[in-house]
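If you want the building blocks of each chain, they are given just below.
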Amino acid sequence: APLGFTDVNLNSRNTYEVSRRRSAPEHLPHGGTAPAEPAPPPAEPAERARHRVGIAGAGSSFAEFFTRNFFTKRTKELKPAVQSAPGWKLFGKVPPRENLPKDSKIIQQEYEARTGRMYKPPPPSARRKNIEFEPLSTTALILEDRPANLPAKSVEEALRHRQEYDEMVAEAKKREIKEAHKRKKIMRERFKQEENIASAMVIWVNEILPNWEGMRATRRVRELWWQGLPPSVRGKVWSLAVGNELNITPELYEIFLSRAKERWKSFSETSSENDTEDAGASVADREASLELIKLDISRTFPSLYIFQKGGPYHDLLHSVLGAYTCYRPDVGYVQGMSFIAAVLILNLEEADAFIAFANLLNKPCQLAFFRVDHSMMLKYFAAFEVFFEENLPKLFLHFKSYSLTPDIYLIDWIFTLYSKSLPLDLACRVWDVFCRDGEEFLFRTGLGILRLYEDILLQMDFIHIAQFLTKLPEDITSEKLFSCIAAIQMQNSNKKWAQVFASLMKDNKEGDKNHSPAPKS
């Protein structure tokens, strides 16, 4: 029989169509009539015929191989080829996309043509002024038509979608307008604060600091002090307010720093096993170890990355803490000192920071806590509870019902002077008034924090209260906190803090005398 060659149609979907047409020549087209018998080709030489037969046989065998191995399971699923627009993929053409993306103008025109409603934008004069933006939104997708294989939207549904779209845009406008007003309010407050700081700095530099001893106790200076010290004079005012009762000089700091470096060198040469096996080492020696100081430095203001290893203030903080452990071996290094030293380093030079640090820790309250004097700490807690009950009676009873004592939350606040619990800028403002009013303001600040979150704390149990007060919210602002602190009255039965604390100390001494054994005759 004469050999025929199958012509591969470019519109076929894939190789499977080619092989199916070859293997089933009796397949009829959609017209239902058999194609005419092709005319026999002219005779050709035998060698060329054998050559072409070999080629056709090879092509047929390849087609059968692909059909048998790759497309046996999808034979029933494939459909006849469909004419499509140009565009190719691995096994055929890509059909044209019917639903092309539309921009907002086309969507608006289609909506107006379908509903007969013309959307009239408001005139420029009707729009609100002083708004520097137009709200953007992707909610216009609700106006898109459905795909062709789904039922079209009805007129009522299209109107409902348009109404929902308008409502969403209106809500987005309101939200963005509200956020814009909030940002403008924050910026106005920031500008106002900067102006106040600039004007206050001039007063402090030109009037107060040159006449410190005569003006520090005046009402004007105290009111200006309450508003917060300008950062440029904060370190100087802290140094003057804390004082230097210990008469420490920069030369003395260098002496103790050199001793600390020698001690660190000896520590590094000694193995850690020998340190742990030394049972005769005192508590101060163990707490003054290099490893503990290094560990605490890495955990001091970790979000700032300036006190961690490699940071600009890492070695400086290490030097101040090391020098203090040699200066006061009776106190040694206690966890929490690193935060106090870090705040001073941020506002003072190295030697001045050490002088202020040593004198600050020599105050009665700090000395009692850092030396872990339990009897004195209990007196401070008792005095705190007196004013706690006076100012916040409901919260006081709530804490009592859970046996929640002040030491659970006050120790961390007093040890670090709130520099760990509050944001750094707010902690510095607390330090400002602490340098003015002394230890009383530390406990007043604690009562201010409890007053600020009183409603929240009344709904909590023991565990949640302890967790909440250990890690205060980060969004606390100085205005809210200081308004609550100002509402705290540090007066009980016409007795101020110092008088209440002194009476507690007196009662304690009398109790010790009553419990002391009688002298033998």
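Residues numbered from 1 in each chain as written. Predicted model: local features only at pLDDT ≥ 70, side-chain atom pairs only at ≥ 80, totals over all residues. Heavy atoms only, no water.

Section: the UniProt feature "coiled-coil region" (unreviewed entry) in the chain
Here comes step 1: Taking the UniProt record as the reference, the feature "coiled-coil region" (unreviewed entry) is found at residues 155-190.
Here comes step 2: Between the end C-alpha atoms of residues 155-190 there is a gap of 52 Å, over a span that is 100% helix and 0% strand. (UniProt positions renumbered as here; feature names shortened; annotations may be inferred. Helix = DSSP H or I, 4+ residues; strand = E, 2+ residues; numbered from the N terminus.)

What to know about the pattern of salt bridges
Here comes step 1: Enumeration over the complete set of coordinates arrives at 10 salt bridges.
Here comes step 2: In this structure, Arg-299 and Asp-296 form a salt bridge, with 2.5 Å as the shortest nitrogen-oxygen distance.
Here comes step 3: Residue class for Arg-299 comes out partly exposed when judged on its relative accessible area of 42%.
Here comes step 4: Among the charged side chains, a network of salt bridges with common partners joins Arg-222, Arg-436 and Asp-437. (Salt bridge = Lys/Arg side-chain N within 4 Å of Asp/Glu carboxyl O. Buried < 20%, exposed > 50% of the residue type's maximum accessible area, 1.4 Å probe, protein only.)

Digging into the environment of Tyr-324
Here comes step 1: With respect to the element layout, Tyr-324 can be found in helix H12 (residues 314-327).
Here comes step 2: Ignoring any residue separated from it by four or fewer positions in sequence, one finds Tyr-324 in contact with Val-331, Gly-332, Met-337, Phe-354, Phe-357, Ala-358 and Leu-361. (Contact = heavy atoms within 4.5 Å.)

A look at the packing of helix H4 (residues 155-208) against helix H7 (residues 231-242)
Here comes step 1: Between H4 and H7, the least distance of the axes is 9 Å, while the angle of their chain directions is 40°. Relative to H7, the element H4 is oriented oblique. Between H4 and H7 the crossing geometry is left-handed. Contacts between H4 and H7 involve Ile-197, Met-201, Trp-204 and Val-205 from the first element and Pro-231, Ser-232, Val-233 and Val-237 from the second. (Axes fitted to C-alpha atoms, helices over the stretch in contact; angles between N-to-C directions. Parallel < 35°, antiparallel > 145°, perpendicular 65-115°, else oblique. Left-handed = near helix turned anticlockwise from the far one by under 90°.)

Points about helix H6 (residues 219-226)
Here comes step 1: Taken together, the buried positions of H6 are Val-221, Leu-224 and Trp-225. Along the axis of H6, the buried positions cluster into a sector of 105°, meaning they face one direction only. (Arc of directions from axis to C-beta.)

A few points about the environment of His-318
Here comes step 1: Turning to its location among the elements, His-318 is positioned in helix H12.
Here comes step 2: Overall, His-318 belongs to the buried group, its relative accessible area being 9%.
Here comes step 3: With 11 residues separating them along the chain, His-318 and Phe-307 place their C-alpha atoms 9.1 Å apart.

Looking at helix H19 (residues 424-437)
Here comes step 1: End to end, H19 covers 20 Å across 14 residues, agreeing with the expected 20 Å (1.5 Å per residue, within 8%).
Here comes step 2: Most of H19 is tucked away: 11 of the 14 residues are buried.
Here comes step 3: Residues Leu-426, Ala-427, Cys-428, Arg-429, Val-430, Trp-431, Asp-432, Val-433, Phe-434, Cys-435 and Arg-436 constitute the buried set of H19.
Here comes step 4: Following H19 by one or two positions, Gly-438 has its phi on the positive side, about 85°. (Expected span 1.5 Å × (residues − 1).)

Digging into the packing of H4 against H6
Here comes step 1: H6 packs onto H4 with a crossing angle of 145° between their chain directions and a minimal axis gap of 12 Å. Between H4 and H6 the crossing geometry is left-handed. Contacts between H4 and H6 involve Ala-200, Ile-203, Trp-204, Glu-207 and Ile-208 from the former and Arg-220, Val-221, Leu-224 and Trp-225 from the latter.
Here comes step 2: Looking at side-chain class alone, the contact of H4 with H6 contains 7 nonpolar, no polar and 2 charged residues. (Nonpolar A, V, L, I, M, F, W, Y, C, P; charged D, E, K, R; others polar.)

Section: a nonpolar patch on the surface
Here comes step 1: Side chains of Met-201, Val-202 and Val-205 sit close together on the surface and give an oily, nonpolar patch of about 210 Å² of accessible area.
Here comes step 2: Tracing the backbone through its elements, the reader meets Val-205 in helix H4. (Patch = residues over 30% accessible without salt bridge, like charges linked within 9 Å, V, L, I, M, F, W, Y side chains within 5 Å. Areas by Shrake-Rupley, 256 points an atom, 1.4 Å probe, with all protein chains shown as cover.)

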